[in-house]
Amino acid sequence: MKTGIEQLQKRNKKKLSALDKYLIFCFTVIILYTIVGVVFQWVTGIELSTSLTVGVYGFFGGEITLLAMIKRLKLKKGDE
């Protein structure tokens, strides 16, 4: 027999959706790229390719925007 605390913990445990996991992945890539870029420039004195930087931020920033739109439309559709 489970105690009341164990039952509450089981109810409060939520699984992350695929959208949430991908959102975490996108933010992680952006943060890691920024850290690596700063350290690389500090150690070598050479700046990372601006085209690569624009591409990484543009791609993952766009993905985050699209994920936010998907989430918002799902919530809006669920309210109706």
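Refer to the structure printed above.
So, a few notes on the structure that sits alongside this text.

Criteria and cut-off values
- Residues numbered from 1 in each chain as written.
- Predicted model: local features only at pLDDT ≥ 70, side-chain atom pairs only at ≥ 80, totals over all residues.
- Heavy atoms only, no water.
- Helix = DSSP H or I, 4+ residues; strand = E, 2+ residues; numbered from the N terminus.
- Buried < 20%, exposed > 50% of the residue type's maximum accessible area, 1.4 Å probe, protein only.
- Areas by Shrake-Rupley, 256 points an atom, 1.4 Å probe, with all protein chains shown as cover.
- Phe/Tyr/Trp six-rings, centres within 6.5 Å; stacked < 30°, edge-to-face > 60°.

Bringing the overall build of the protein into the picture now. Along the protein, the regular secondary structure elements total three helices and zero strands. What you see in the protein, going N to C, is helices and strands ordered as α-α-α. Residues counted as buried form 12% of the 80 residues belonging to the protein. Split by element, the accessible area of the protein, about 7,100 Å² in all, is 68% carbon and sulfur.

For the structure on display, the rule yields four aromatic pairs. For the ring pair Phe 25 and Phe 60, a centre distance of 6.1 Å and an interplane angle of 70° mean the geometry is edge-to-face. Here Phe 60 lies in helix 3 (residues 50-79) and Phe 25 lies in helix 2 (residues 18-44), a separation of 35 residues in the sequence. Taken together through their ring pairs, the aromatic side chains of Tyr 22, Phe 25, Phe 59 and Phe 60 make up a single cluster.

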